[in-house]
Amino acid sequence: MTTTLAAGRRRGRPALRNIAVGWSFLLPNFAGFAILTLIPVVLLFYYAFTEWNVFGGSTWSGLANFRQMWDDTSFWTALRNTFYYTAFHIPLTLTVSLGLALLLNRKLRGVAFFRTVAFFPYITSIVAIAQIWNMLFSPSYGPVNQLLRAIGVANPPGWTTSADWSMPAVIVVGTWREMGYYMLLFLAGLQTIPAQLHEAAKVDGANAWQRFRAVTLPGLRPTTFFITVMLTIGSFKVFDLILVMTDGGPGQSTLVLSQYIYQKGFEENQFGYASALSIVLFAICFLVTIVQFLVNKSRDS
Amino acid sequence: MVRRILGYLVLGIAAVAVLLPFYWMVVSSLKTNNDVFTVPVQWLPADPVWSNYADIWSKSGMTTWLGNTVLLSAVVTLLQVFTGSFAAYGFAKVHFPGRDVLFLAYIGTLAVPWQSYMIPQFIMMSKLQLTDSLWSIIALQAFGPLGVFLMKQFYESVPDELVDAARIDGMSEYGIYRRIMLPLSVPALASLTLITLVATWNDYLGPLLYLRSPDLWTIQLGLKSFINQYNAEYALIMTGSVLSVLPIVVIFLAGQRYFVEGIATTGLKG
């Protein structure tokens, strides 16, 4: 009965009425969404080919911005640093959050408490967190280096004051901050795997590692896929954590692409060039997402 | 047995690793400035300096910053929850051509980093003369696709039969939304409320780009400028950090269940 009713609504006048009613529900949100998200995304592809003068007007400049980018060493540094962050942040966060989720999926006392605790870094502000960690990482008197000295590291790194160690420091904080969030997604994924599958594997004599490989990992596939996509986009756009912790420094050792966009656009008013840089960020995220979807699909079939 | 103990051990280490920075923040906020960095670390201040919590109000614009943040968080959350759930009903329960394509556009933009279109968005907002006003942040955050997405997931779990029965009884779509869907979706609405509230409270970049006048600053911007201005006042900086984090921790603990549910549903079905 339901289907005939719904079908009836889709034909003739009721269908017209549905369009009006449907759009009336969407409109309050869609108007804002279209103006503030869709239009800017489209404009981006125009602005990237323009030059802006001091009075705020734009002129078409063709590929000039992209040619400028090619010769811009800061751009390449920012791009390299972005990949550096991504290459370590993704596997690290995946491992830690999956490990925690597996641990918390068992019946241990205190599990509920820890689930709550693990979330704290994710809900608290970047400014406060960055400041706490900057102080913890402080070279001479910071607790982190005090600990390292206590366990026998004679010359612990200067962390955010050292060009070599600033990026690892930022990656550690980034992972610490996000692991609770991804752990939660993994936990939700784990709960969709039927317990009977594990039981059956146990009966067949599979040990814990074999069960993890044969039951848990395949069962988590959709979750892992989603998390990897989210983590990838999150890593490529990383910005506020770095802005507050190191401001891209020392030197340009932690300068990332989104921060470079910010510098060019908001500090130097080069809107055209900043838009061209934005296109690179957009393209990377777009391509990576598409590739991940294709890989996921080919594995499905 | 051994595995159980090992499990607890790893859990214990992880809990300490997560909580220790927060503990250090709170302890440092109760120290004198000279005691923040000592060798070895003082894990318990001998004489807690409670006056830090009084001093910070006179030394900073904390009252203004918190006021702006509360106002913004409330308005943004209200709009996001209302427009989001309203649109979600349209996407989930009303059939009309083009609906699914449109929804795909919504979802698609979730994968587009904000940093990639913040420049054209800023230019547009300045042409609309909305920059340097609280309106800019409201506009920026109130119409996101997240609320639509989360609420649609929930509405789709409500059986169509229920909605059709109400239609046969002559109830209008708006009536169904208000009198059937909204009451049913209180847990999902609570999730969305908490997620939006936390995100708005903690946002740093949006306000950084748009709110230039100090009397418009949010707690995040204020705290950052305080850190820059008093960069050697370690204890007070930690006091400010505690104050910026405390409201959100209280809200999170109060509505933890909904928060976790919301993350799990929005997360899973992407």
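**Considerations on the overall build of chain B**
Scanning chain B from terminus to terminus reveals 15 helices and 0 strands. If one aligns the C-alpha atoms of chain B with their principal axes, the spans along those axes are about 75 × 65 × 30 Å. The proportion of buried residues among the 270 residues of chain B is 57%. At a minimum sequence separation of 6, the contacts of chain B that also span at least 24 residues come to 73%. Of the roughly 11600 Å² that chain B leaves accessible, carbon and sulfur atoms contribute 68%. Placing the 15 positive and 15 negative side-chain charges of chain B at their respective mean positions leaves the two points 5 Å apart.

**Quick word on the confidence of the model for chain A**
Here chain A averages 87 in pLDDT, and 94% of its residues register 70 or above. Here residues 1-11 of chain A is a poorly scored stretch, pLDDT under 50, and it has 13 contacts once near neighbours within four places are set aside; other chains count.

**Regarding the packing of helix 4 (residues 62-93) of chain B against helix 7 (residues 134-142) of chain B**
All names here are of chain B. It is the contact of helix 4 with helix 7, at a shortest axis distance of 9 Å, that shows an interaxial angle of 35°. By crossing handedness, the relation of helix 4 to helix 7 is classed as right-handed. Contacts between helix 4 and helix 7 pair Asn68, Leu71, Leu72, Val75, Val76, Leu79, Gln80 and Thr83 from the former with Leu134, Ile137, Ile138, Gln141 and Ala142 from the latter. Residues belonging to the contact of helix 4 with helix 7 are distributed by class as follows: 9 nonpolar, 4 polar and no charged.

**A few points about the nonpolar core**
Membership of the largest hydrophobic core comes to 185 residues, with the highest contact counts inside it found for Phe75 and Phe114 of chain A together with Trp24, Tyr89, Met118 and Phe259 of chain B. The greatest single-element share of this core, amounting to 15 residues, is contributed by helix 8 (residues 166-190) of chain A. Setting aside residues no more than four positions away along its own chain, phenylalanine 259 of chain B makes contact with Phe119 and Ile123 of chain A together with Leu194, Ile195, Val198 and Phe252 of chain B.

**Focus on a nonpolar patch on the surface**
Together, Val16, Leu20, Tyr23, Trp43 and Leu44 of chain B line one region of the surface with nonpolar side chains, adding up to about 490 Å² of accessible area. Tracing the backbone shows tyrosine 23 of chain B in helix 1 (residues 2-29).

Each value, and the rule that gives it
- Residues numbered from 1 in each chain as written.
- Chains lettered and ligands numbered in written order.
- Predicted model: local features only at pLDDT ≥ 70, side-chain atom pairs only at ≥ 80, totals over all residues.
- Heavy atoms only, no water.
- Helix = DSSP H or I, 4+ residues; strand = E, 2+ residues; numbered from the N terminus.
- Buried < 20%, exposed > 50% of the residue type's maximum accessible area, 1.4 Å probe, protein only.
- Contact = heavy atoms within 4.5 Å.
- Areas by Shrake-Rupley, 256 points an atom, 1.4 Å probe, with all protein chains shown as cover.
- Lys, Arg positive; Asp, Glu negative; His and termini not counted.
- Charge placed at Lys NZ, Arg CZ, Asp CG, Glu CD.
- pLDDT = per-residue confidence, 0-100.
- Axes fitted to C-alpha atoms, helices over the stretch in contact; angles between N-to-C directions.
- Left-handed = near helix turned anticlockwise from the far one by under 90°.
- Nonpolar A, V, L, I, M, F, W, Y, C, P; charged D, E, K, R; others polar.
- Core = buried A, V, L, I, M, F, W, Y, C linked by side-chain atoms within 4.5 Å.
- Patch = residues over 30% accessible without salt bridge, like charges linked within 9 Å, V, L, I, M, F, W, Y side chains within 5 Å.
- Salt bridge = Lys/Arg side-chain N within 4 Å of Asp/Glu carboxyl O.

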